[in-house]
There are 2 protein chains.
Amino acid sequence: MSIDKSLLTGSTTTLILKLLEEKDMYGYEMIETLANKSDHTFDLKAGTLYPILHGLEKKELVESYEKKADNDRLRKYYHLTKKGKNLLKEKKEEWTIFSNAVNSVLNGGFSYASI
Amino acid sequence: MSIDKSLLTGSTTTLILKLLEEKDMYGYEMIETLANKSDHTFDLKAGTLYPILHGLEKKELVESYEKKADNDRLRKYYHLTKKGKNLLKEKKEEWTIFSNAVNSVLNGGFSYASI
DNA sequence: TCTTTATATATAGATTATCTATATATAAGT
DNA sequence: ACTTATATATAGATAATCTATATATAAAGA
């Protein structure tokens with residue numbers, strides 16, 4: 001089953017930052033890695049990713065540098081900045097709060113206030 | 001801490017359908033209930049909810065009827081149709097798949113494929 | 001009594017994130 | 001030779017939600 005893509009809205013940036021926390025990566029690599037780690041739930045399109053990366057760089061959340069692969073191919077690597085790490089931390093917390101809130105509505109129907 | 005609202009994109013409809021699975025409700029009641037159940041993580045705006053309800057009715061996922069409250073005030077109640085119940089079931093499954101996928105990227109970095 | 005806040009629904013227009021489509025270029029496989 | 005995979009990029013379309021605004025009544029407070 002494939003999921004409604006609009007669910008991803010708001011999470012894509014978090015996922016990208018998380019990948020870069022582990023190691024520097026180039027765009028195409030991120031798409032592949034996300035697809036693998038999510039069992040193809042995330043099949044990010046190139047046309048989605050690259051503009052996001054440019055935006056992250058502009059906000060100084062990532063830095064880029066070019067490096068040649070073994071096959072002499074030029075790749076653009078992205079590196080997470082200190083600022084990016086801080087944002088990632090926040091985004092992780094947001095995700096926890098959000099997913100807990102959704103779960104509490106979907107499973108149970110109890111109210112936090114009633115605890 | 002308040003969360004980035006764009007996270008909600010794609011989940012709002014699911015949450016509304018879930019509320020209606022439990023009982024018929026009117027719009028304003030849904031906003032209040034969602035806020036309570038989510039500890040105010042979801043503070044849905046009226047301008048967001050009502051157009052969504054109209055859309056759901058058009059797609060025959062909900063039906064509406066008017067009923068007077070004790071104070072003689074007219075309220076528009078919404079009822080989940082069979083079609084709406086089926087969609088809710090699908091949406092719940094999508095949420096599970098999606099949230100598992102996000103968690104597997106954020107926590108660990110292991111790949112499904114490697115299990 | 002007057003004013004503000006809460007209840008209740010509704011629509012227009014703006015914003016934003018992501019998607020589709022398209023473009024370019026090289027490497028590898030058939 | 002042709003197709004698929006690798007690799008990056010941008011323009012324009014789409015879709016979901018937001019803000020702002022409007023209307024109307026009830027309740028609460030000054």
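Shown above is the structure to which this text applies.
Attention in this report is confined to the structure presented alongside it.

Criteria and thresholds
Residues numbered from 1 in each chain as written. Chains lettered and ligands numbered in written order. Predicted model: local features only at pLDDT ≥ 70, side-chain atom pairs only at ≥ 80, totals over all residues. Heavy atoms only, no water. Near = heavy atom within 4 Å. Polar contact = N/O pair within 3.5 Å; in protein donor to acceptor, adjacent residues only side chain to side chain. Helix = DSSP H or I, 4+ residues; strand = E, 2+ residues; numbered from the N terminus. Nonpolar A, V, L, I, M, F, W, Y, C, P; charged D, E, K, R; others polar. Contact = heavy atoms within 4.5 Å. Buried area = accessible area lost by both parts, 1.4 Å probe. Salt bridge = Lys/Arg side-chain N within 4 Å of Asp/Glu carboxyl O.

1. Describing the protein's contact with DNA strand D
Phase 1: Residues in contact with DNA strand D amount to 22 residues; listed here are only the nearest, Arg73 and Arg75 of chain A together with Thr12, Thr48 and Arg73 of chain B.
Phase 2: Counting only the atoms of DNA strand D that lie within 4 Å of the protein, the sugar and phosphate share comes to 69%.
Phase 3: At 2.9 Å from a phosphate oxygen of DNA strand D is found a side-chain nitrogen or oxygen belonging to Tyr26 of chain A.
Phase 4: Between a phosphate oxygen of DNA strand D and a side-chain N or O atom of Tyr50 of chain A, the distance comes to 2.8 Å.
Phase 5: Every element with two or more residues in the surface near DNA strand D is listed here: α2 (27–37), α3 (46–58) and β3 (74–80) of chain A together with α3 (46–58) of chain B.
Phase 6: For the surface near DNA strand D, the element with the most residues is α3 of chain A, which contributes five residues.
Phase 7: Of the residues contributing to the surface near DNA strand D, the split by class is eight nonpolar, eight polar and six charged.

2. So, the interface of chain A and chain B
Phase 1: Across the contact, 40 residues belong to chain A and 40 residues belong to chain B.
Phase 2: Both faces combined, the contact of chain A with chain B buries some 3,700 Å², and carbon together with sulfur accounts for 72% of it.
Phase 3: Inspection of the region where chain A meets chain B yields two salt bridges.
Phase 4: With a closest N to O distance of 3.3 Å, Lys91 of chain A and Asp4 of chain B form a salt bridge.
Phase 5: One can count ten residue pairs in polar contact (both at pLDDT 80 or more) joining chain A with chain B.

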